Amino acid sequence: MGKMNKKFSAMLVLCLALVVSLSACGGSKSADNTDKASGDKAEKVTVNFGFWGTAQDLEIYQKAADTISEQYPEIELKIKQYPSSEQFWNTLPGEIAAGVAPDFIKMSNEGAYEYINKGLFSPIDDLVQTTGVDMNRFPDTSKKIWNVDGKQYGVPNSDMPAMFFINEQMWKDAGLGEYPTTWDEVIEAAKVLNKGDVKGIIVNLDAFHITNYVKSFGGGWGNGETINSPENVKALEMIIDMYDQGLAVTPKSLGFGWDGEVFSNEQGAMSTGGYWYKGYLKDANPDLKMVAIPVPKGTTNGSTMSSDAYMVLKDGKNKEAALKAAYYMTNDDTQTAFMELGFNPAVSSLSEQYFEKNPEFKALQPALEYSTDYGYPTDTKRFTDELVKELEGLILGGSGKTAQQILDDIQAQFK
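Residues numbered from 1 in each chain as written. Predicted model: local features only at pLDDT ≥ 70, side-chain atom pairs only at ≥ 80, totals over all residues. Heavy atoms only, no water.

Taking an unreviewed UniProt entry as the reference, the chain is identified by name as ABC transporter substrate-binding protein belonging to Paenibacillus solani. Comment text from UniProt for the chain, heading Sequence similarities (unreviewed entry), reads "Belongs to the bacterial solute-binding protein 1 family." (UniProt positions renumbered as here; feature names shortened; annotations may be inferred.)

This is the structure in structure tokens:
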């Protein structure tokens, strides 16, 4: 699946252009241990927070809104839930024009660079200084994901490295020993696991999954600058070779929408994926026992970090109050509540508890230190669409292109 099943449509980019054109017209130490903000007698400032998520998310956020005065008595926090990310991006331009847009939102890093680069959000560096919020609460790896061109844009909320999943029963039945740490070991295991209707490995031809392969070879997209790097070529050559050997399968060839369906139906023994597998398999195949390990090494330890953060909109009416409210969302009570829903808090003091509560992900803890942002180009949707089109054209359509030709052709479009 990857999170990019929520891909941004061309309409969203047009909406952004409108957002930017419209915008052209127009002290505490931590979230839990702090002195009360001064100004108890000051007039309250209303801050609006927008998000898309579940009813459980809304319940957690509403509790935060009800308690924010304990730390920031001058702030009244109002919550607005959008049905989907698409609904949010489609309605935002009109809300800005009417002066009713949220002051800050929560969003995922997988598509954030495009919107940061197009000027939708305010950098928060100066606001951090004037509000006194303590960004040391968050690990450097989390903050780095939300830092663009030396400016900090997000207050980290949660983060989790990509994973590699193994069907535990299939592995044991095949008589295999230690779980793999390298792609060479994965390929050898796939040859053993490749039996009958079961393929040794699922390789979803989706940007999320391909990005994890290239990062494990020391590569990456470099926000569009390094698409055809030698490291990326080497990773794609390995993927193509697994298909040529008949070891790999893509969900589309089996009539499935994403890799988790193939895995849950036990038609593939291994796959890259993410923390969302846990919740999905609980319903789709509760008897399936999975093993989650870091993305195997090509030439180095490398994988993506799925992260979300709170972002202050450029047109927010009171940016200082918005940042304080965003920071308050990272308090221990709120983060612990999200931990119960499966999210690893981007708060160093709480992350250890997450792995205690989710022992099946314990092996992923070291990957928090080296997992990094996706690095997609500014025109994210066009890039991911082109990457998928080219790979499917080769794997499913027999285009005959080499990995080098595919990446050279894509690179030429993002100079």
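S.K.: Which residues make up the pairing of strand β12 (residues 305-312), and what values go with them?
M.R.: Looking along a regular strand, one sees the side chains alternate between the two faces of the sheet. With eight of eight residues buried, β12 lies mostly within the body of the structure. Every second residue of β12 is oriented toward a common face, with Met305, Ser307, Ala309 and Met311 on one face and Ser306, Asp308, Tyr310 and Val312 on the other, all of them buried. With five bridges connecting them, strand β3 (residues 104-108) and β12 associate as antiparallel partners. Looking across to β12, one finds that serine 108 is bridged to aspartate 308. Examined bridge by bridge, strand β6 (residues 154-161) and β12 share seven bridges and lie antiparallel to one another. By the bridge assignment, proline 156 is partnered in β12 with alanine 309. (Buried < 20%, exposed > 50% of the residue type's maximum accessible area, 1.4 Å probe, protein only. Helix = DSSP H or I, 4+ residues; strand = E, 2+ residues; numbered from the N terminus. Pairing = 2+ DSSP bridges.)

S.K.: If you had to explain the nonpolar core to someone new, which residues and values would you point to?
M.R.: Counting residues in hydrophobic clusters, the biggest one holds 128 residues, and the most contacted among them are Phe104, Phe121 and Met270. Per-element accounting of this core gives the leading share, eight residues, to helix α10 (residues 230-244). Each of domain 1 (45-158 + 307-360) and domain 2 (163-304 + 374-412) contributes no fewer than three residues to this core. Discounting residues that sit within four places of it in the chain, methionine 270 has contacts with Phe164, Phe165, Ile166, Trp171, Val186, Ala189, Ala190, Leu193, Gly200, Ile201, Ile202 and Phe263. (Core = buried A, V, L, I, M, F, W, Y, C linked by side-chain atoms within 4.5 Å. Domains from an automatic or database assignment. Contact = heavy atoms within 4.5 Å.)

S.K.: Give me the lowdown on the pattern of salt bridges, citing residues and values where you can.
M.R.: For the structure on display, the rule yields 17 salt bridges. Close ionic contact of lysine 324 with glutamate 74 constitutes a salt bridge, the shortest N to O distance being 3.0 Å. Remark: glutamate 74 occurs in the loop between α2 (55-67) and β2 (75-82) and lysine 324 occurs in helix α13 (residues 319-328); sequence separation between them is 250 residues. The residues lysine 324 and glutamate 74 share a single accessibility class, namely buried. Its salt-bridge partner being arginine 137, residue aspartate 332 comes within 2.7 Å of it at the nearest N-O pair. With a gap of 195 residues between them, aspartate 332 in helix α14 (residues 332-340) and arginine 137 in the loop between α5 (125-131) and α6 (140-145) connect regions that are remote in the sequence. Using a relative accessible area of 26% as the deciding quantity, one classes aspartate 332 as partly exposed. Note on arginine 137: relative accessible area 12%, which makes it buried. When salt bridges with common partners are traced through the structure, they connect Glu390, Lys401 and Asp409 into a single cluster. (Salt bridge = Lys/Arg side-chain N within 4 Å of Asp/Glu carboxyl O.)

S.K.: Tell me about helix α9 (residues 207-215), and name the residues and values.
M.R.: For α9, the buried fraction is high: nine of the nine residues fall into the buried class. Those residues of α9 not exposed but buried are Ala207, Phe208, His209, Ile210, Thr211, Asn212, Tyr213, Val214 and Lys215. Regarding α9, its N-cap is aspartate 206, as a side-chain oxygen of that residue lies 2.9 Å from the backbone nitrogen of phenylalanine 208 further along. (Polar contact = N/O pair within 3.5 Å; in protein donor to acceptor, adjacent residues only side chain to side chain.)

S.K.: For the side chain of glutamine 71, give the residues involved together with the corresponding values.
M.R.: Here glutamine 71 lies in the loop between α2 and β2. The buried category is assigned to glutamine 71, whose relative accessible area is 6%. At a separation of 3.2 Å, a polar atom in the side chain of glutamine 71 contacts the side chain of tyrosine 72.

S.K.: How would you sum up the environment of tyrosine 376? Please name residues and give values.
M.R.: Within the secondary structure, tyrosine 376 is located in the loop between α15 (348-357) and α16 (380-395). Classification of tyrosine 376 as buried rests on a relative accessible area of 2%. Separated by 155 residues in the primary sequence, tyrosine 376 and tryptophan 221 have C-alpha atoms spaced 5.8 Å apart. A polar atom in the side chain of tyrosine 376 sits 3.4 Å from the side chain of glutamate 110.

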